[in-house]
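Residue-level structure breakdown
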Amino acid sequence: MNITRSVICSGFAAVMMMCVNAAWAQATPVQKANAGSASAAAATCAMPGKNGYDKNCKRYPDADTWPTTCDQAATQILARLDEPSKQRVRDSTYENLIQFHMGWGMGIRNSTGLWRGNVALTDSCSALDNDGDRHPDHMSMVIIQQIWKKLR
């Protein structure tokens, strides 16, 4: 009897989740672009989960502020660093830049859209590195390396 009850509960939970998802999808407006607008290609969401759109083709509100090149990301971040932070990076060796991966690197990944499909930034950073690793963790390290190079 316990097995039957848990199967029924699991089935009920699955049906409830489908109803909630269907209701959310109906309530979410679909963006349509004018045929002549510059953002027509982006608004069609040809690549869900990429280029500033989530997997449901909903535009991230801050996507237009994301840097599109590795140099632009490094320059923007460098402009926000205070002098003691710049000195700490400057004093680090290339091999020790990994110390910045967890804290600062996480902030870079989150603020630049690397976890949310910023393909242009990923393309730019991976072109500088040439090892084929396009993971957001690796791309943030490439940005940190660029900042380090600018400070030296």
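Let us look at the structure shown here. (Residues numbered from 1 in each chain as written. Predicted model: local features only at pLDDT ≥ 70, side-chain atom pairs only at ≥ 80, totals over all residues. Heavy atoms only, no water.)

What follows is about the packing of aromatic side chains. All chains considered together, the criterion is met by three aromatic pairs. Pairing Phe100 with Trp104 gives two aromatic rings, centres 5.4 Å apart and planes at 85°, and the pair type is edge-to-face. Given a relative accessible area of 6%, Phe100 falls into the buried group. Positioned above the aromatic ring of Tyr53 is the side chain of Arg59, whose terminal nitrogen or guanidinium carbon lies 5.0 Å from the ring centre. Its guanidinium or amino end placed over the ring of Tyr60, Arg116 lies 5.0 Å from that ring's centre, counting from NZ or CZ. (Phe/Tyr/Trp six-rings, centres within 6.5 Å; stacked < 30°, edge-to-face > 60°. Buried < 20%, exposed > 50% of the residue type's maximum accessible area, 1.4 Å probe, protein only. Lys NZ or Arg CZ within 6 Å of the ring centre and 35° of its normal.)

All right, on to the nonpolar core then. Grouped together as the largest cluster of nonpolar side chains are 21 residues, with contacts concentrated most on Leu97, Leu121, Cys125, Ile143, Ile144 and Ile147. Counting only elements with at least two residues in this core, the list comes to helix H3 (70-80), helix H6 (119-129) and helix H7 (136-151). Examining the composition of this core, we find that eight residues originate from one element, H7, more than from any other. Aside from chain neighbours lying at most four places away, what touches Ile144 is Leu97, Phe100, Trp104, Gly105 and Ile108. (Core = buried A, V, L, I, M, F, W, Y, C linked by side-chain atoms within 4.5 Å. Helix = DSSP H or I, 4+ residues; strand = E, 2+ residues; numbered from the N terminus. Contact = heavy atoms within 4.5 Å.)

Time to look at unusual backbone geometry. A positive phi angle, near 65°, is found at Cys57, a position not held by glycine. Summarising the element assignment, Cys57 is placed in the loop between helix H2 (40-43) and H3.

None of this, on its own, says anything about what the molecule does.
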